[in-house]
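Observations on the model geometry
The residues making up each chain are set out below.
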Amino acid sequence: MGLRDCNLLQLQEISHGQSLGRCQERQWFSSGKEKRHADNDLVVNGIEIYSMKIDSKITSRFAHNVITSRAVNRGNVHKEVFFDVELPKTAFITNFSMTIDGVTYPGIIKEKEVAKKQYEKAVSKGQTAGLVKASGRKTEKFTVSVNVAAASKVTFELTYEELLKRQFEKYEMLIKVKPKQLVKDFGIEVDIFEPQGITELEAEGTFITNDLQNIIKKTFSGKKGHISFNPTLDQQRTCANCSQSVLDGDFTVKYDVKRTTPNNLQIVNGYFVHFFAPTNLQKLPKNIIFVIDISGSMSGREIEQTREALLKILDDIKEEDFFNFILFGSEVHTWRDALIKATPENLDEARKFVRDIDARGATNLHGGLMRGIDMLNTAHEQNIVPKRSASIIIMLTDGQPNVGVSNTEDIQAHVKKAIEGRYPLYNLGFGYGVDYNFLEKMALENKGLARRIYPDSDAALQLQGFYDEVSNPVLIDVELNYPENEISDLTKNSFKHFYDGSEIVVAGRFIDSHQNSLTVDVIGEGANDALSYTTQQDAEQTAKAFQEQQYIFGDYIERLWAYLTIEQLLEKRVAATGEEKDNLTAEALDLSLKYKFVTPLTSMVVTKPEDYDNQDGLADKPIEGISIFTISQAIRGSLAQQVASSYIPSMWYTSVDGDPHFIVSVPQKKDAICFNINENPGAVLSLISDPVTGITVNGELIGDKRPSSDAKIQNTYFGKLGIANKHLDLKLTVTPEKITIQNGNEKTGFSWLDSVTLQQEGLTLIINRNKNLVVKMGDSASFVIVLHQVWKKHPLHQDFLGLYTLQGDKLSAQTHGLLGQFFHPIDFTILEIHPGSDPKKPDATMIVKNNELTVTRGWQKDFKRDPVHGVDIPCWFVHNNGAGLIDGVHTDYIVSSLF
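Being a predicted model, the structure only gives us computed values, none of them experimental.

1. Considering the overall build of the protein
The helix and strand tally for the protein stands at 16 helices and 52 strands. Classification of the 899 residues of the protein by burial places 57% in the buried group. At a minimum sequence separation of 6, the contacts of the protein that also span at least 24 residues come to 68%. With the model as given, the accessible surface of the protein reaches about 37,300 Å², and the carbon-plus-sulfur share is 47%.

2. A short note on the environment of Gly-658
Checked against the element boundaries, Gly-658 lands in the loop between strand E34 (654-657) and strand E35 (661-666). Residue Gly-658 is classed as buried on the basis of its relative accessible area, which comes to 1%. Separated by 143 residues in sequence, Gly-658 and Leu-801 have C-alpha atoms that sit 7.8 Å apart.

3. A short note on the sheet that holds strand E13 (residues 198-205)
With respect to topology, four strands assemble into an open sheet ordered E10-E11-E16-E13, the strand pairing being antiparallel. The two strands at the open ends of the sheet, each matched to only one other strand, are strand E10 (166-167) and E13. In the sheet, strand E11 (residues 170-177) pairs with strand E16 (residues 249-257) via seven bridges, with the strands oriented antiparallel. Its bridge partner lying in E16, Leu-174 is registered against Thr-252.

4. Some remarks on the state of the cysteines
Under the defined criterion, the tally for this structure stands at two disulfides. A sulfur-sulfur separation of 1.5 Å characterises the disulfide bridge that pairs Cys-239 with Cys-242. Torsion about the S-S bond of the Cys-239 and Cys-242 cystine: about 55°, corresponding to right-handed handedness. Classification of Cys-239 by relative accessible area gives partly exposed; the value is 38%. Bridging Cys-674 to Cys-875, the disulfide has an S-S length of 2.1 Å. Of note, the bridge from Cys-674 to Cys-875 carries an S-S torsion of about 70° and is right-handed in sense. Placement of Cys-674 in strand E36 (residues 671-676) and of Cys-875 in strand E51 (residues 871-878) is noted, with a sequence separation of 201 residues between them. Across the pair, exposure class does not vary: Cys-674 and Cys-875 are buried alike.

5. Describing the pairing of strand E9 (residues 153-163)
A large share of E9 lies buried, amounting to nine of its 11 residues. Direction of pairing for strand E5 (residues 92-100) relative to E9: antiparallel, over a ladder of eight bridges. Within E9, the position partnered with Met-98 by the bridge is Phe-156.

6. Considerations on the layout of surface pockets
Size it by volume and the second largest pocket reaches roughly 970 Å³. Along its surface, the second largest pocket is lined by 44 residues, and Gly-296, Ser-297, Ser-299, Ser-689 and Lys-726 are the ones closest to its centre. Of all the secondary structure elements, the ones that give two or more residues to the lining of the second largest pocket are helix H6 (301-316), strand E37 (684-690), strand E38 (695-703), strand E39 (716-725), strand E40 (730-734) and strand E52 (894-895). Within the lining of the second largest pocket, the residues separate by chemical class into 13 nonpolar, 22 polar and nine charged.

7. With respect to the pattern of salt bridges
Counted according to the given criterion, the structure contains 32 salt bridges. For Glu-469, the salt bridge goes to Arg-451, with nearest N and O atoms at 3.2 Å. Of the two residues, Glu-469 is situated in helix H11 (residues 459-470) and Arg-451 in strand E25 (residues 450-453); the sequence distance between them amounts to 18 residues. Judged by its relative accessible area of 27%, Arg-451 falls in the partly exposed class. One salt bridge in this structure joins Asp-489 and Arg-509, with 2.3 Å as the shortest N-O distance.

8. Focus: the side chain of Glu-162
By the element assignment, Glu-162 lies in strand E9. Here Glu-162 occupies a buried position and makes no salt bridge, while the nearest side chain of opposite charge, Lys-165, is found at 6.9 Å. Side chain to side chain, Glu-162 and Thr-90 meet in a polar contact 3.0 Å long.

9. A few points about empty space enclosed by the protein
Considering all chains together, one arrives at four cavities of 30 Å³ or more under this definition. There is about 100 Å³ of room inside the largest cavity. Together, Phe-290, Ile-292, Thr-306, Ala-309, Leu-310, Ile-313, Ile-394, Leu-396, Leu-428, Leu-463, Phe-466 and Tyr-467 line the largest cavity. Elements with a contribution of two residues or more to the lining of the largest cavity: strand E19 (286-293), H6, strand E23 (390-397) and H11. Ranked by residues supplied to the lining of the largest cavity, first place goes to H6 with four residues. Residues that form the lining of the largest cavity fall into these classes: 11 nonpolar, one polar and no charged.

10. Some words on the nonpolar core
Of all hydrophobic cores here, the largest spans 56 residues; its most connected members are Phe-83, Phe-96, Phe-156, Ile-188, Val-190, Phe-229 and Phe-251. Counting residues per element, this core draws most heavily on strand E2 (residues 47-59), at five residues. Dropping the residues within four chain positions of it, Val-190 is found in contact with Ser-56, Ile-58, Met-173, Ile-175, Gly-225, His-226, Ile-227 and Val-253. Counting 55 residues, the second largest nonpolar core, distinct from the first, contains Leu-773, Leu-811, Leu-819 and Ala-844.

11. Digging into the packing of helix H9 (residues 408-419) against helix H10 (residues 436-445)
For the pair H9 and H10, the least separation of the axes is 10 Å and the interaxial angle reads 20°. By the angle between their axes, H9 is roughly parallel relative to H10. Here H9 runs over H10; the crossing is right-handed. Across from Thr-408, Ile-411, Gln-412, Val-415 and Lys-416 in H9, the residues of H10 making contact are Phe-438, Lys-441, Met-442 and Glu-445. Its residues assigned to classes, the contact of H9 with H10 comprises four nonpolar, two polar and three charged.

12. So, the sheet that holds strand E27 (residues 487-488)
Strand pairing within a sheet occurs via backbone hydrogen bonds; the two strands may be parallel or antiparallel. Read across the open sheet, the four strands follow the order E17-E18-E29-E27; overall the sheet is antiparallel. Across the chains shown, the open sheet's two edge strands, defined by having one partner strand only, are strand E17 (263-268) and E27. In terms of strand pairing, E27 meets strand E29 (residues 504-510) through two bridges, oriented antiparallel. Residue Ile-487 lies in a different strand from E29, and its bridge partner there is Phe-510. Contacting E17, strand E18 (271-276) and E29, helix H13 (residues 556-575) runs over the sheet at an angle of about 115° to E29.

13. Remarks on the packing of aromatic side chains
Counting across every chain of the model gives 27 aromatic pairs. Here Phe-207 and Phe-229 contribute two aromatic rings whose centre-to-centre distance is 6.1 Å and whose plane-to-plane angle is 50°, an arrangement assigned as tilted. Residue Phe-207 is found in the loop between E13 and helix H4 (210-213), and its partner Phe-229 is found in strand E15 (residues 224-229); the two are separated by 22 residues along the sequence. Given the relative accessible area of 6%, Phe-207 is considered buried.

14. Looking at the confidence of the model for the protein
Should pLDDT be low for a region, the predicted coordinates there are not to be read in detail. Within the protein, residue pLDDT values average 82, and 85% of them lie at 70 or more. Considering only residues more than four positions removed or in separate chains, one finds that residues 1-39, a stretch of pLDDT under 50, has 92 contacts. Within the model, pLDDT remains below 50 along residues 622-651, and this stretch shows 71 contacts once partners closer than five positions in the same chain are excluded.

What counts as what
Residues numbered from 1 in each chain as written. Predicted model: local features only at pLDDT ≥ 70, side-chain atom pairs only at ≥ 80, totals over all residues. Heavy atoms only, no water. Helix = DSSP H or I, 4+ residues; strand = E, 2+ residues; numbered from the N terminus. Buried < 20%, exposed > 50% of the residue type's maximum accessible area, 1.4 Å probe, protein only. Contact = heavy atoms within 4.5 Å. Areas by Shrake-Rupley, 256 points an atom, 1.4 Å probe, with all protein chains shown as cover. Pairing = 2+ DSSP bridges. Disulfide = S-S within 2.5 Å. 1 Å grid on protein atoms, 1.4 Å probe; cavity = no way out; pocket = protein on both sides within 12 Å on 5 of 7 lines; lining within 4 Å. Points joined across faces, edges and corners; volume = space filled by probe spheres on them. Nonpolar A, V, L, I, M, F, W, Y, C, P; charged D, E, K, R; others polar. Salt bridge = Lys/Arg side-chain N within 4 Å of Asp/Glu carboxyl O. Lys, Arg positive; Asp, Glu negative; His and termini not counted. Polar contact = N/O pair within 3.5 Å; in protein donor to acceptor, adjacent residues only side chain to side chain. Core = buried A, V, L, I, M, F, W, Y, C linked by side-chain atoms within 4.5 Å. Axes fitted to C-alpha atoms, helices over the stretch in contact; angles between N-to-C directions. Parallel < 35°, antiparallel > 145°, perpendicular 65-115°, else oblique. Left-handed = near helix turned anticlockwise from the far one by under 90°. Phe/Tyr/Trp six-rings, centres within 6.5 Å; stacked < 30°, edge-to-face > 60°. pLDDT = per-residue confidence, 0-100.

Spelled out as structure tokens, the structure:
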């Protein structure tokens, strides 16, 4: 689309009552930091990343990874260079440094509060910062930046370590590959050394094409394995003459080791690690109870994906297994009165039951979970299930308890007392409305774990994938016993279940650091009888296995012990309270500082040289679901003064109007954030959803009267809004033509030409003729719906609606949706304000929800009081459908129907 077309589109949009059209948005984006130099496709914004190397050494499942990135400023002025790396969530950063023109500036790991004060002091002076921040299901993002003089070079080096877990008979290491541009010298090198020997080795990538497959080189023999991936510039291109890189996705390495015995012990310098993974064991029968949330908030895609996953799981249940379903909404329903055997006939009946599961009501989580526990306890007491069998409860919920016992601490106490350590509880949290901390704490208290199920298109596969992990128990009540008078500081050594294809890892320290031998006894209950394993190992055997010293990076067993100890202390800390929690925190903090791990208790501060603005960077590992902290940026310079002079009303509100554009006010900042959503006509978007009050607001998009030949500039608006209170069976449908109230089976209609004030149970309605509609849903929330009318013979545009919240703060803390998620407090930081493509609209970097975004200063129209002309509201515009600001991605908010 040329400039002439763009100007025409801007005129059309402004005539339609909009000021921040999509054409402007595209101009800002294409003219911002991603603009490429036509004469050099290796240079982006004046910066060339000429080398990126990922070097991994894996010794006895413990991975030591070094990422080195080298860049040069090809411009003639100072430029800011960003170093972005995504790391596995299970990894701990151990070192970071920057080398600028031959001078190295190392990172220093400090206690979080100490680092935070240093960080805030730097920021208050206008200095920038980098953060480790959550960025996906399996990864966290480390970001740091530095200003580099013209023609100068900078080298970033990041080191992180992780213990690889074994699942489905393989160890897996994930490397996130995302250089964001072509790199002249790009390479991944992985060296593996396993004293037991390597049996298989594979490498694959989500971005690997047939052409790239041959570039992956892998060899393994005996104890050693090697993988390399070094694509040339041409091999990195998405097409022959493209400047975009195909390197964007996950690169995974998978392998397994030889096992002549179930046990493998390694002893080095007063520390030991014990790997336990028996093979060829008969699988135990399972007794599984699925406790499923069917409250109203699960309606639509969530319940469809749950049904799909359960049907696939039923295909995997073995005939010797026992199972049942407990459903909880406002009431608790069971499929059968007791656990039943998985015969073909019973499985067929179960499939019919699952296909009919529907979502309705509130969330009686306590009632559903206690019913499942009682049923499982009864099955054991009455010998309904085999004595040698593995019992499991899997609960799936997308909300928070609000019927029956709703206090989470009371629920935890009741559940722990009822289970009494007899079997594990696995809690799956679906979507973003759950109290994940509550689910995680309750699971850990009952020998299980919690897992987030992300509401993406593959949610059913996530559910099935979790079930696959726990579907093949081969041992129960496993204990690994070591001589008490020889060992101290032992990691976890008792496990309720051992699953086929996994591995148990225990590490410890000898009381006598010179001791060089150890005897271990392992006991557990198998399918037919009790099993016992005994093994003995000495330091000389380990030394023989490690004759090639280049594969040992430092005191790797000591670091493995520290890693595992910190990980388990942090896990225990989740379920602890009071003095116990303080002691666990202190112990984990001491180890994090001693071994230089960036954990949720520590941060890394990088002090940059005065010549480069003396910026401070901070690496900080967040606790899931909790914002690390917020900071204020000193505003300097004429651009910043221009921004600061903008005025935002202090009253809190959110709104959506126009094509459609969203405004979120942040009163404590006297500022606002805005974003657009680009979707096709006919799509229905979830705007507000509160499972507690039962109130939902959805909006259906309409397009222009005639579709544009260029789909990229298709305009869409809200042509229909649906407001419902599920608890009162009340629905309000609003279109530009009429307003319809449905209460049960009764319908009442009104025209926009009416001037009406209506009050009935749970609803107050005020129609201001041909202007707006005020809706109050009981004591919970109030909205204003604005009617936009255009010239009836307009060749392009149609009448449409805008929605403004007045009392959204009266909805519950579980409220979500494109608007609803912003009913909770939100904060942000603006850094690096600099000129954009339009001199009146500067660009900046925004830190929000632990994400770093490029934003543009613009404005949006607020039509609440003046439906014709509106009022310009200055705001920071977030591009790309609000990516990084909204939870998940915008397609997560598409629902199947208006109600």
